[in-house]
Structure formats: C-alpha cells, structure tokens
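# Fold and contact review
What follows is the residue order along each chain.
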Amino acid sequence: MLSSTLYLVASLAASGFAQDIITEDSAFYGQSPPVYPTPQGTGTGDWSAAYAQAKELVSQLSREEKVNLTGGVDADSSCSGIIPPIPRVNFTGLCLSDAGNGPRTTNFVSAWPAGIHVGASWNRELAHKRAVGMGGEFRAKGVNIALGPVVGPLGRIANSGRNWEGFSNDPYLCGALAYQTVEGIQSTGVITSTKHFIANEQETNRNPEGDVFAVSSNVDDKTMHELYLWPFQDAVKAGTGNIMCSYNRVNNSYGCSNSKTQNGLLKTELGFQGFVVTDWGAHHAGVATALAGLDMVMPSGSSFWAGNLTTAVNNGSVPESRLDDMATRIIATWYKMKQEEGFPSPGVGMPADLTAPHRKVIAKSPSNKDVLLQGAIEGHVLLKNDNGALPLKSPKLISLFGYSAKAYDAYTPDSEGWNLGYQPAVSPYEQIAPNGTMITGGDSGANQPAYLSSPFEALSQRAYEDGSSLWWDFHSGNPGVDQSSDACVVVGNAFASEGWDRPGLHDDFTDALINNVASKCNNTIVVFHNAGVRLVDQFIDNPNVTALIFAHLPGQDSGRALASLLYGDVNPSGKLPYSVPRNESDFGPLQNETQPDGIYAKFPQSDFSEGVYIDYRAFDAKNITPRFEFGFGLSYTTFGYSDLSVALADGADFASYPSKPIVEGGHEDLWDTLVHVSATVKNTGDVAGAEVAQLYVGIPNGPVQQLRGFTKPVLKAGESTIVEFDLTRRDLSTWDVVAQKWLLQKGEYQIYVGASSRKLPLAASLQI
C-alpha cells in the first residue's frame, strides 16, 4: 500500500513530470486494496439475542424507514446527532453526543479527567470506574451513544492537536485503557463510539478545503496492524457497539469510503458486530460508501444518502441486503445495550439552549466524587524532585505565579467557548491558554465542569486551614518574589485543540517566567497543565527549579488534586504515557504534521515510512536518550524489583498461526495465554505508595522492546508483593503480511520488567 505511493513519485520523476502538480484523484486509484462485499453481521457470541430481535424489527420496516435509520436529522436538542424514532415499532430513536471525556454542551454533569490524564494514571481499575461514572451521566441525559473513547489519533505526530483525547501513543497502553472504558460505559447501557478509524494522526488538512483534498495517511499493512489497529482491536474485543470512521484518507481512499479498512480490517478480520458512523461531515460519496461498509451518516443523510440511498437500493446500485445489514447492525446495537428497556428519552437532558427555560436533568452523582478526585490525582506525573522539595513541609509562605493557576473569568452558557474548552484560551492557535487554568483541551472532546477547583483556590483554602500565607501574580512574566517564601509555584500550560495542530512544543513566555522566578527563588516548583508532550530543557537544569509536575488535564478537581500532592496528603503515582525528548529535533519528521507540497499540493501525502518506530520505539532504535522516558514518573518513596520468573503456560498451543474461529476482536486464540511472568516489587522507602510495574517484550525481528504488561500495586513502607503478567499469543506475535495472520515466531524473546522503558532491572530470555 505505502510502496504504491512511492512508486508513483518515482514514475513521475522518471517520466519527466516530477514538477507537475497532480490534479486528479485517479492518479492514486488502487492504492487501498478493494474488499467487497461488506460482511453481514452474524450476531456472534453475546450478540445473538440482539440480532434476533433486530432482524424481527427490521423485517417490519419499509425501505424508507430503514434508510431513515442511516442518517441524522435536525432536532431541538444539543445532541451532536439524532436518529429519528419509529413509533409504530417502538423504536425510540438515538441521541449521539460528545464525547470521550464526558458529556458536553449541557449542565449538571462533570468535567472528568481527559484521556491523556487517564493514560498517565496507568490504572485499569480507575479507568473503568471513570467510564462507569461518565456512562451514568450520559444515560441520565438521554445520550444513547457517547462519541468516545478516542484511540485515533494514537499519537504518531508530537504536535497533533487531538493527542490529548486519547490515552497514549503506545498501542498496548492505549488499548488496555480503551478496553476498560468501553466496558465501563457500556455497562450503563450507553453505546460507545470508538474513534477515529483509522490513522487519523493530524488535524491539518484533515478535511478537503477548496481544491485541496484531505491528507492521505499512507500506511503499510504491518504498521497498520501492529500500531494503529491494535487499540481498536481491544475496543472491539470489549464489545464496542459503534466505530466512527475518520476524516482523513487512508492510502488515498477516504476513511468512510475505504473498503479495506471497514469491510476488511474491521468487519472481517476483527469480527465487528456493531455499526460504523461517519465523523461529522466526513461523507464524500453515496453508493461507494454504502458498499465500503459504512452504516450511518452524521449529522445528516443528505446529500449523498437519504433519498439518494433509497434510489440506489431501488435501482440495484446498493443491494437490499446491504441496507438490511445497516439497519440490523444499528438496531442490534440498540437491543444489545437494552435501550428498549427504560432508557431515558433521547436527548431528554440535552436542551438546545440553556439560557431558555428547560427541564432540569441532574446527571452528576455524589457517588462519583471520589473517582473524579482520584482520577485527577493519579494523572499527575512527578518528573523532578531535587533536595526533597516535595512534599512541602509546613510552609509558612508560598508565592504562586502563572496564568494557569487561576480560574478563567467567565463560565456561563453564553460565554465564549463555554462548551468547547476554550474558556482560558485567547486564540485556539496559541501554544498556551493564558486566561486561566486548563482542565481539558479544546473543541468536541471538551467537557463541562460542575465547578472548578483551580490551584489558586485550593492553595488559598490550604493557607486558611493551616494558618500560612500566600502571594500571587497570574500575569507578569517577571514578578517580584518575597525572599521569605518557602516555595514558589509556577503554573503554566500547553494548549491543544481539535481542528488544528499545535504550533510548537514549548513557548518562550512560560520558559522565561520560570527562569525569572527561579532567579529569585531557590525552591521553584513548576507545574504544567499539558495537552501533550511539553519540552522542558530551557529550564530543567536550573538548580533553583527543584521540582516539575506534568499535571496534564485533570478535570474539575484540578486544584484540589494538585494541593494534595504538593502537601503530601497523597503520594504521586502517575507515569508518562509518552516520551519527553530534549529537543524537537529528536522527533525528526514526526514532530510536525504533513503539509501539501510539491506535486502533492492538492493531495497531501503523509507517508508513515517510519513503520512501527514512533516515540520510545524510535528513540530506542536511534539510540536517542530522552529527557524523560516513556513510563517514567517519580514517587515520594522508592521501589525495588527482584525475583523475575518466566514460564511457558501449561498446555499452551505454540503453533505459528492462530487457528480458532474469528470472534469479536479477531481469532479467538489470539487471546490465549502462552507465557506467565512474575516478579517481586518492594516499597523500599518510608511512606506508602503505588508503583506502576511495567513489562516489555523484545520480539524477534522487531523493536528492541514493546510494552506488553503493566500493573499498579499499592504498597506500605517496607511491604512487598508479587506482580503477575500473562502474555497472550497476540502479545508475542508479529503481523505476517503474506499469510495475513499474526505470526508467533520461533526463536528467542527478551522479557524485561521494571519502572519505565529505560529502567528495567529485571531481564530474562524466553525460547519458543
């Protein structure tokens, strides 16, 4: 697939037309292999009853009613999309609404920690609890389909505007937390829409603009499976009812028109039983998209579907069986979540205008308070802590600086950006949000706080409680510092939003602010609310900068969480779900998005020629030492590792290829345990803490190491525990592009266990 694009370039050059701008899409035809027809949903596994009910209902529908299920309509609601009801068969319709980090564009809900924050927690159980809480809020508001979680973008491009919505740029970590999120939300009866399928790795040129087509992500088959498809596979395994196809083109075929990705990868290879919906406005063809596996169009069926789809079925361009499959998949998902049984009316708590009289639907629950706070706490990552600067030791005076320390000035339903996470931002194109603390990123992935605990509010409350004092300045780049300050806390941020990619990975104003404060304060603690990687080398070696925390995007309990960590009420336990290099150049071409250029001025081409080598895989391969490696994070205690044990599972099948039938998520035996690994982790410090123990595998003919396990025990001072990891066939396999199956190679595998991708004290080899 990728090689065909490179062949095209070479051919044009050889023909003497290297400088001619390509003006016709036909130049790229055939680069994405055709896969037809669309596999019909089979109702495998626990979908059986739902499919039986759906087929019975669909058999009663007219052709026009079936078509009405496949496209959105306008409604007096703030739902992102609406499918109309069919009262005569007791189908109540569907409300689809943003997003993967909690409900948006409504009231009486919570601002949950964002995806990147959950990734930094490395906590499956906490991710599940968050998902259950979010699902309950979506359900109370009458949202049938929550438009999340996000696993694409994975995070190939360092400055991608939407990396913060997902969990991690490592497919294993991302997939593990997506699995918990899907299970948790759907346990409340709300359907998850796992997005954006697939290789949606930049915002620039994500949609066609003028005479420039959407960017094409040109991905080879092996890379597609081992990186970008991996977390979607976990979501399908967890039972996600919906997949959202993406704006971008994949190997020069639009994501929602791509038969290889939708019919081939998703509905055949992964055995997906739910339905596929477009991203909003990502529909660029009619008959072609129906045949390529698309099932629903948002926000409207027009102009390609709606009546045109009826016509296409009438004239045989689209088989009636394809329309039946679309309708069946949609209705089966509705039945699967038991939404016919007492689910709130679609959009009941999603009024179109909150400033007009409306029904009060309170979705937030007191039972979620602990999860919201714990989620906010665990996504903070302590990266530097010199001289025991933290936790603070009964300070008498703290000086607080930085624009991200205070609450933003306005938050009402008619204030600028109130439902898009733009409240603290001056412009979405800026590197920072200078008008207040940042608890989420921007646009459709944002959420709605019921209240806001800013760092200033939380530290003021702490000063009141312990009788200490507080100075503050949220605006100056070179503030005065009281020399009797016990500590100076500088709070900055790094903004990102849907719709555009970040203009950089650090900003001069904040770096100067930090160094200016540090020149006057020998105990300067730096905190960043960061919607992605943030470079720190402009100040990190300053000896007066004694501590650094990446606070990510904590949601509404931001300040309360930070204060509890600063004062040692809780012990930091977050770890980086990405790497922090020393310089932008360390990312190479993967720092910035691909732009239209040269012969591709009208058809931008993003060649994923690095293959699977992104983030720590790339740094390992190129022997680049990051400033802070993937999986790194400090604690107020220390941990030791010992007693590594690696053993083949009794009775396991070590055949080269999986042989069992395809179920949701792929071949059933991909999930069989082949190897057991265990190790002892001991808290060797003086206070209780949680440690993320990580397992990496060196697979023959692949990256030096890849994450394949993690667990997070909580240990008292001096306490030990045995951590256990089960490695599945999938964990140990590589994608065979010839056999088109996961290959378990014969040979020697390396097993590593430790505290981060670069701190792995335990190692063993395994022969298969």
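Below: a short report on this structure. (Residues numbered from 1 in each chain as written. Predicted model: local features only at pLDDT ≥ 70, side-chain atom pairs only at ≥ 80, totals over all residues. Heavy atoms only, no water.)

### Section: the state of the cysteines
Disulfide: a covalent bond connecting the sulfur atoms of a pair of cysteines. Inspection of every chain in the model, using the stated rule, returns three disulfides. Here Cys79 engages in a disulfide with Cys95; their sulfurs sit 2.1 Å apart. Across the S-S bond linking Cys79 and Cys95, the dihedral sits near -105 degrees, which makes this disulfide left-handed. Remark: Cys95 occurs in strand β2 (residues 94-97) and Cys79 occurs in the loop between α3 (63-68) and β1 (81-83); sequence separation between them is 16 residues. On the accessibility criterion, Cys79 (11% relative accessible area) is buried. For Cys95, a relative accessible area of 0% puts it in the buried group. The disulfide bridge from Cys245 ends at Cys256, spanning 2.0 Å between sulfur atoms. (Disulfide = S-S within 2.5 Å. Helix = DSSP H or I, 4+ residues; strand = E, 2+ residues; numbered from the N terminus. Buried < 20%, exposed > 50% of the residue type's maximum accessible area, 1.4 Å probe, protein only.)

### Observations concerning the environment of Asp414
Within the element layout of this structure, Asp414 appears in the loop between β11 (397-401) and α14 (455-466). Each C-alpha atom, one on Asp414 and one on Leu732, is 53 Å from the other, the two residues being 318 residues apart in sequence. A distance of 2.6 Å separates the side chain of Asp414 from the side chain of Thr412, its partner in a polar contact. (Polar contact = N/O pair within 3.5 Å; in protein donor to acceptor, adjacent residues only side chain to side chain.)

### Examining the sheet that holds strand β22 (residues 693-698)
Across the sheet, which stays open at both edges, the four strands sit in the order β23-β22-β28-β29 with antiparallel pairing between neighbours. Both outer strands of the open sheet, β23 (706-711) and β29 (762-767), are each paired with one neighbouring strand and no more. Pairs of neighbouring strands in the sheet enclose a mean axial angle of 20 degrees, with direction left out of account. Bridging between β22 and strand β28 (residues 748-754) involves five bridges; their strand directions are antiparallel. Looking at the pairing, Gly698 lines up with Gln750 of β28. (Pairing = 2+ DSSP bridges. Axes fitted to C-alpha atoms, helices over the stretch in contact; angles between N-to-C directions.)

### Some remarks on the pairing of strand β4 (residues 191-197)
Taken residue by residue, a regular strand's side chains alternate between the two faces of the sheet. Within β4, seven of the seven residues are buried, which leaves it mostly tucked inside the rest of the structure. Bridge analysis of strand β3 (residues 145-146) against β4 gives two bridges, and the strand direction is parallel. By the bridge assignment for β4, Ile145 is matched with Ile191. Pairing of β4 with strand β6 (residues 242-245) involves four bridges; the strand directions are parallel. Across the sheet, the residue bridging to Thr194 is Ile243, located in β6.

### Topic: the nonpolar core
One finds Tyr228 and Leu309 to be the most contacted residues of the largest nonpolar core, which totals 62 residues. Taken together, the elements giving at least two residues each to this core come down to α6 (171-186), α7 (221-228), α8 (230-237), β6, α9 (259-269), α11 (307-314), α12 (320-336) and β23. Grouped together as the second largest cluster of nonpolar side chains are 44 residues, Trp164, Leu505, Leu513 and Phe628 included. (Core = buried A, V, L, I, M, F, W, Y, C linked by side-chain atoms within 4.5 Å.)

### What to know about the side chain of Asp620
In this structure, Asp620 sits in helix α17 (residues 615-622). Exposure remark for Asp620: the relative accessible area of 17% places this residue in the buried category. Sequence-distant contacts of Asp620, defined by excluding residues within four places in its chain, comprise Gln705 and Arg758. (Contact = heavy atoms within 4.5 Å.)

### Regarding the pattern of salt bridges
One pass over the full model with this rule turns up 34 salt bridges. The residue Asp569 makes a salt bridge to Arg462 at a minimum N-O spacing of 2.4 Å. Of the two residues, Asp569 sits in the loop between α16 (558-566) and β16 (605-607) while Arg462 sits in helix α14, which places them 107 residues apart along the sequence. The partly exposed category is assigned to Asp569, whose relative accessible area is 49%. Across the pair Arg758 and Asp620 runs a salt bridge, and its minimum N-O distance is 3.0 Å. Taken together, the positions of Arg758 in the loop between β28 and β29 and Asp620 in helix α17 put the pair 138 residues apart, joining distant regions of the chain. Classification of Arg758 as partly exposed rests on a relative accessible area of 33%. (Salt bridge = Lys/Arg side-chain N within 4 Å of Asp/Glu carboxyl O.)

### Quick notes on the pairing of β28
Of all seven residues in β28, five are buried, a share of seventy percent or more. Alignment of β28 against β29, held across six bridges, turns out to be antiparallel. The residue bridging Tyr749 from the neighbouring strand is Leu766, located in β29.

### As for the packing of helix α13 (residues 369-378) against α16
Between α13 and α16, the least distance of the axes is 8 Å, while the angle of their chain directions is 60 degrees. What the angle tells us is that α13 and α16 run oblique. Judged by the twist between their axes, the crossing of α13 over α16 is right-handed. Facing Leu373, Ala376 and Ile377 of α13, the residues of α16 in contact are Arg560, Ala561, Ser564 and Leu565. When grouped by side-chain class, the residues that make up the contact of α13 with α16 number five nonpolar, one polar and one charged. (Parallel < 35°, antiparallel > 145°, perpendicular 65-115°, else oblique. Left-handed = near helix turned anticlockwise from the far one by under 90°. Nonpolar A, V, L, I, M, F, W, Y, C, P; charged D, E, K, R; others polar.)

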